Amino acid sequence: MKLRLYNTLSNTIEEFTPINLNKVKMYICGPTVYDRPHIGNARPAVIFDVLYRLLKHIYNDVVYVRNITDIDDKIYKASKIKNISIDELTNKTIQMYHEDTKALNVLPVDIEPRATQHISDIIEFIKHIIDLGHAYYSQGYVYFDVNSISNYGILSNQHELKNGSRVEISNNKKNPADFILWKPTNDSFPIGWNSPCGKGRPGWHIECSAMSHKYLGNRFDIHGGGCDLIFPHHENEIAQSYAVNSEIIANYWIHNGHVMINGTKMSKSLGNFYTVHDLINEFDGEVIRLALLMTHYRSPLNFSKDLLNQSKSILDRWYNSIMNINIVNTAELSVNIINSLLDDLNTPKAISYISSMVNNINKGSIEQANTLINTCRVLLGI
């Protein structure tokens, strides 16, 4: 069985065929580092860690890039509230993110670029877009002209703004859907870099286009993140890169569902969230990880302490079954479990098979115990 993934670009489950069999390339949008990660930030970290482990199991070479947004209005506001520099805030937050994801058994990524370390790359990318006639200046800002390309909306099927779209409304734009490439320095945000566009800072979307291009080239295999990034962030990434390279930057677009609390999307702005740090004080990291994998990644996850207690009970049963068994090293993986993951990362089905294997272990199957332990370690990170 070959790997099959749901591709948001085509709205279908497709067989995964890499551009180059010798090197699979994946770019995932990482955190904006202004506060401790909450469980909504942890879900994509865990989901794409499972995909990364699976790809490494299949292919010899996998390059996983996950960026860090370390310049943003929220970051500047948080630094002012805490009365510390942006560098101090972002460095501390990045360290906390690494500590929390490590506690969830998330593997380190291969490349973790920070936006502030790639300002020259971003400025150069913006210059290309301007030179090709896809952007314009207005009141110190540089805007991308969405009408300058023919396929805007190809990912989200959203060609114009709708109520609730996360797009800045401004009279400076030709079209309400046009988005910022470069923002001028001003009194409310005095930090910036010198550029041909004036002193300022990059917009959010251009950061990822520039960094993915630097490390993965014009076109790569997988781009992913939370479903809230489909529009406008990923749509605008496609637009920027297409304007420069006349190519859609990734073949497969993978998005995980929202994390919900009592039927409402988890959000720091609403105050209905759990931080990973607080949860780790109460539950083992692998308990939290398993809880995040018990719902299919594309579905909304209704997160609660009850779910964590259920996850803990499952893990306790697994551990009790393999305790005191003389384990023999083996690379064997259960066909049913690996096939579940190959089928669009069906982790709930894989977990169900593991529970069935536990039943066999209870009946004395050492071979099943070997398979269970290696599968959990290698693929699920548990």
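Going by the structure above, here's the rest.
Residues numbered from 1 in each chain as written. Predicted model: local features only at pLDDT ≥ 70, side-chain atom pairs only at ≥ 80, totals over all residues. Heavy atoms only, no water.

Draft legend 1. Geometry of the side chain of Ser138. By secondary structure assignment, the location of Ser138 is in strand S5 (residues 135-138). Looking at Ser138, its side chain comes within polar contact range of the main-chain oxygen of Asn172, at 2.8 Å. Beyond its immediate stretch of four places on either side in the chain, Ser138 contacts Tyr143 and Asn172. (Helix = DSSP H or I, 4+ residues; strand = E, 2+ residues; numbered from the N terminus. Polar contact = N/O pair within 3.5 Å; in protein donor to acceptor, adjacent residues only side chain to side chain. Contact = heavy atoms within 4.5 Å.)

Draft legend 2. Up close: the sheet that holds strand S7 (residues 179-184). One open sheet accounts for 4 strands, arranged S5-S6-S7-S8; its pairing is antiparallel. Two strands close off the open sheet at either side, each with one partner strand: S5 and strand S8 (200-202). Taken pair by pair, the neighbouring strands of this sheet meet at an average axis angle of 25°, ignoring direction. Of the pairings in the sheet, the one linking strand S6 (residues 141-144) to S7 comprises 3 bridges and is antiparallel in character. By the bridge assignment, Phe144 is partnered in S7 with Phe179. Its contacts with the sheet put helix H4 (residues 119-131) on S5, S6, S7 and S8, and the angle it makes with S7 is roughly 125°. (Pairing = 2+ DSSP bridges. Axes fitted to C-alpha atoms, helices over the stretch in contact; angles between N-to-C directions.)

Draft legend 3. Representation of the packing of aromatic side chains in the model. By the definition in use, this model includes 9 aromatic pairs. Ring centres 6.1 Å apart and planes at 75° place the aromatic pair Phe16 and Tyr59 in the edge-to-face group. Taken together, the residues Phe16 in the loop between strand S2 (12-15) and strand S3 (24-28) and Tyr59 in the loop between helix H1 (39-58) and strand S4 (62-66) connect sequence positions 43 residues apart. A residue is classified by how much of its surface remains accessible, and Phe16, at 4% relative accessible area, is buried. For Tyr59, a relative accessible area of 14% gives the class buried. Note on Tyr52 and Tyr64: the rings are 5.0 Å apart at their centroids and 65° apart in plane angle, and the pair reads as edge-to-face. Placement of Tyr52 in helix H1 and of Tyr64 in strand S4 is noted, with a sequence separation of 12 residues between them. The same class applies to Tyr52 and to Tyr64, which are both buried. Between Arg201 and the ring centre of Phe189, over which it is positioned, the NZ or CZ distance is 3.6 Å. If you follow Lys214 out to its NZ or CZ, it ends over the ring of Tyr215, 6.0 Å from the centre. (Phe/Tyr/Trp six-rings, centres within 6.5 Å; stacked < 30°, edge-to-face > 60°. Buried < 20%, exposed > 50% of the residue type's maximum accessible area, 1.4 Å probe, protein only. Lys NZ or Arg CZ within 6 Å of the ring centre and 35° of its normal.)

Draft legend 4. The sheet that holds strand S12 (residues 264-265), seen in detail. With respect to topology, 3 strands assemble into an open sheet ordered S12-S11-S13, the strand pairing being mixed. The sheet is open, and its two borders are formed by S12 and strand S13 (301-302), each paired with just one other strand. Strand direction decides the pairing type here: strand S11 (residues 259-261) and S12, joined by 2 bridges, are antiparallel. The residue bridging Met260 from the neighbouring strand is Lys265, located in S12.

Draft legend 5. Quick peek at the side chain of Thr101. Looking at the element boundaries, Thr101 is found in helix H3 (residues 86-103). Excluding residues that lie within four positions of it along the chain, Thr101 makes contacts with Ala45 and Val106.

Draft legend 6. Broad picture of the nonpolar core. Counting 61 residues, the largest nonpolar core has Phe16, Ile39, Leu55, Ile222 and Phe303 as the members making the most contacts within it. Element by element, the count of residues in this core is highest for H1, at 11 residues. When neighbours within four sequence positions are excluded, Ile222 is seen to be in contact with Leu5, Phe16, Lys25, Met26, Tyr27, Leu51, Leu55, Ala250, Tyr252 and Ile254. Membership of the second largest hydrophobic core comes to 28 residues, among which are Leu89, Ile230, Ala250 and Trp253. (Core = buried A, V, L, I, M, F, W, Y, C linked by side-chain atoms within 4.5 Å.)

Draft legend 7. Spotlight on the packing of H4 against helix H5 (residues 204-216). Between H4 and H5, the least distance of the axes is 9 Å, while the angle of their chain directions is 105°. Our classification of the angle between H4 and H5 gives roughly perpendicular. Listed contacts from H5 to Asp121, Ile122, Phe125, Ile126 and Ile129 of H4 are Ile206, Glu207, Ser209, Ala210, His213 and Lys214. (Parallel < 35°, antiparallel > 145°, perpendicular 65-115°, else oblique.)

Draft legend 8. Main features of H5. With 13 residues, H5 extends 19 Å from end C-alpha to end C-alpha; this agrees with the ideal 18 Å at 1.5 Å per step. All buried positions along H5 are accounted for by His205, Ile206, Glu207, Cys208, Ser209, Ala210, Met211, Ser212 and Leu216. Just past H5, the residue Gly217 takes up positive phi, approximately 90°. (Expected span 1.5 Å × (residues − 1).)

Draft legend 9. Region of the structure containing the pattern of salt bridges. Tallied over the entire structure, the rule returns 16 salt bridges. The salt bridge partner of Asp49 is Arg289, with a shortest N-O separation of 2.6 Å. Taken together, the residues Asp49 in helix H1 and Arg289 in helix H8 (residues 285-293) connect sequence positions 240 residues apart. Accessibility assignment for this pair places Asp49 and Arg289 in one class, buried. One network of salt bridges, with partners in common, ties together Asp49, Arg53 and Arg289. (Salt bridge = Lys/Arg side-chain N within 4 Å of Asp/Glu carboxyl O.)

Any link to function would need more than the numbers given here.
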